[in-house]
Amino acid sequence: MSKELAESYLTINAELVTEILCRFIHTEIRRAGFERAVLGLSGGIDSSVVAYLCARALGPQNVLAVTIPYKTSSEATRRDSQAVVDQLGVQTIDVPITAQIDAYFAHVGQPTRLRMANKCARERMTVLYDQSAAFQGLVAGTSNKSELLLGYGTQFGDMASAINPIGDLYKTQLYRLAAYLGVPEQILTKHPTGDLWIGQTDEGELGFSYADVDRLMVLMVDRRWRRAELLRAGFEPDFVDRVATMIRRNHYKRRMPVIAKLSQRTMDRDFRYARDWGT
Amino acid sequence: MSPRIEDSAAEGMRPLRVAMAQIAPRLGDLQSNLALHLEQIECARQQRADLVIFPELSLTGYFLRDMVPDLAISPDGPEIRQLVQAAGPMSLLLGFVEESPRHRFHNAALYAEGGRVVHVHRKVYLPTYGLFDEQRYFASGERFLAFDTARFGRIGILICEDFWHLSAAAIMQAEEVDLLVCPSNSPARGVDGPKIRTAETYEQLSKTFAQLLGAVVIVVNRVGFEDGLCFWGGSMAVGPDGHTIAQAPMLDPSLTIAAFDPAELRRQRMISPLARDERLLVTIEELNRIRRRRYE
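Described below are features of the structure shown in this document. (Residues numbered from 1 in each chain as written. Chains lettered and ligands numbered in written order. Predicted model: local features only at pLDDT ≥ 70, side-chain atom pairs only at ≥ 80, totals over all residues. Heavy atoms only, no water.)

Here we look at the packing of helix 2 (residues 14-31) of chain A against helix 3 (residues 45-58) of chain A
When two helices pack together, their arrangement is given by the angle between the helix axes and the distance between those axes. Residues and elements named next belong to chain A. The contact between helix 2 and helix 3 brings their axes to 9 Å, and the two run at 65°. The orientation of helix 2 with respect to helix 3, classified from their angle, is roughly perpendicular. Judged by the twist between their axes, the crossing of helix 2 over helix 3 is right-handed. Contact residues: Thr 18, Leu 21, Cys 22, Ile 25, His 26 and Ile 29 in helix 2; Leu 53, Cys 54, Arg 56, Ala 57 and Leu 58 in helix 3. (Axes fitted to C-alpha atoms, helices over the stretch in contact; angles between N-to-C directions. Helix = DSSP H or I, 4+ residues; strand = E, 2+ residues; numbered from the N terminus. Parallel < 35°, antiparallel > 145°, perpendicular 65-115°, else oblique. Left-handed = near helix turned anticlockwise from the far one by under 90°. Contact = heavy atoms within 4.5 Å.)

See below:
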């Protein structure tokens, strides 16, 4: 019963969502004084959806899809990114980061897998922001709501962007949107992966599926079900607690750095203006 | 134009034309929004509108926060005077930040006709939950007053959240309004169905209130984005029988004309005299009884 209820809360009208998100992209980019967007394309579902939305909103000539492979990046990543670029006709540039990543770690010593993954994510961010200046386009973010809540991303890395059209859509919802937008079949059916190391999959690393965690989070976060209610609905206590902890512990990633308050008016505390101030 | 209106034209009664100015104001840019209003007033004039209605806070945009005091104006000030003059013989309803003589800031809407401001409504219900934080910045209004007009009979104004309070609509019914106007800045939430959920609720409220009050209900909602919030537009005019007279497009700016026959009020109030049959004194007595129980 609660499974069906959770599913119903995850339902989206993909056409309506597309209408809203395309206007969002168009409006937010223009009000900042730009007409173009830049995004990191991995060949996964998230960045593919953002590429499709940006191409619709701005025209493919105004979208730069940047592929940023490291030497361990998979062939599937390259192939699927190419399929998106071919289908949309967006502009593209390939910027490998193997040389600078390897040079850095040759200097400081070999890292753990996690440090390597974070370093690559932040390197990709600097590439995107540099391409943003070169292409005169804003960086469109590709972090979805599931990742943002779980903190499954690198702060100032893949979580960095100027605007994020998909940050309020769970992974499950993105699949529905992707199907509506015509994202190639092979992207819809492959296991989600950050391509962080060879053979890595999100669900293998997290230890649960997006389908399950999205059902839990839509009840816990969006509908504000209490722990006891979630347990009554059949969710395992360990699963509920683990996810609740991840959401809380990673909240810092979703916020700007905390500022020590000294004056009467401090940024984001009592100096309060919309980001779209004056536009 | 519906056949109903053509009939009335044949009887020699002119339908009233209301222009719903569904705009996307620039956030915190009074000068540019003044220019936008002048532009829309001119378009409405060309469309032979008798009244042009702008959304809530149409002169400033919505998510003002600390900008509120910087954008506050007086209904007697030069900005409003300029717009009222530009409207000429056309009536005007717009949204602005009002600074009272005691330096309180209100989310307000004014109605002007014949070259002068006739009424100012200060939003009573300032939402401060979820994504809203109006109470932090605005002082709340304390009155739901209807007012008489030259061409539209009695008008009541409910700003956005006011419209979601049953009591406010009931007061407007007791005030015997002919036209209930709701300027709004409604952000889209809920994208699971055929329509945006908030839009659906507005439509239900409009149709329900129109029938219960036996009045024309006009909601003018803005479009555009502020900090990721999507204002959905979809401005609508509903006749006293609950049928939609005109509906503006969703999500995009437009100036949409709603033409209606004032004689329809008479017809509908004969068919369904709900407002006539209200027992106002019973209601007051019952509310007094509840007040004693809850507050004394």
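Points about the sheet that holds strand 2 (residues 63-67) of chain A
Residue and element names in this part refer to chain A. Pairing is parallel across the open sheet formed by 4 strands, whose spatial order is 3-2-1-4. Single-partner strands in this sheet number two, and they are strand 3 (91-94) and strand 4 (137-139). Across the sheet, the mean angle separating the axes of adjacent strands is 25° when strand polarity is ignored. With 4 bridges joining them, strand 2 and strand 3 adopt parallel strand pairing. (Pairing = 2+ DSSP bridges.)

Concerning the sheet that holds strand 9 (residues 216-221) of chain B
The pairing of strands in a sheet happens through backbone hydrogen bonds and is either parallel or antiparallel. All names here are of chain B. Strand order across the open sheet formed by 6 strands is 6-7-8-9-12-13, with mixed pairing between neighbours. Of all the strands in the sheet, the pair left with one neighbour each is strand 6 (147-148) and strand 13 (244-247). For strand 12 (residues 236-238) and strand 13, the ladder comprises 3 bridges, and the chain directions are antiparallel. Within strand 13, the position partnered with Met 236 by the bridge is Gln 247.

What about the side chain of Thr 67 of chain A?
Residues and elements named next belong to chain A. Here Thr 67 lies in strand 2. Polar side-chain contacts of Thr 67 include one of 2.7 Å to the side chain of Asp 94. Those residues in contact with Thr 67, other than ones at most four positions away along the chain, are Leu 41, Ser 81, Ile 93, Asp 94 and Val 95. (Polar contact = N/O pair within 3.5 Å; in protein donor to acceptor, adjacent residues only side chain to side chain.)

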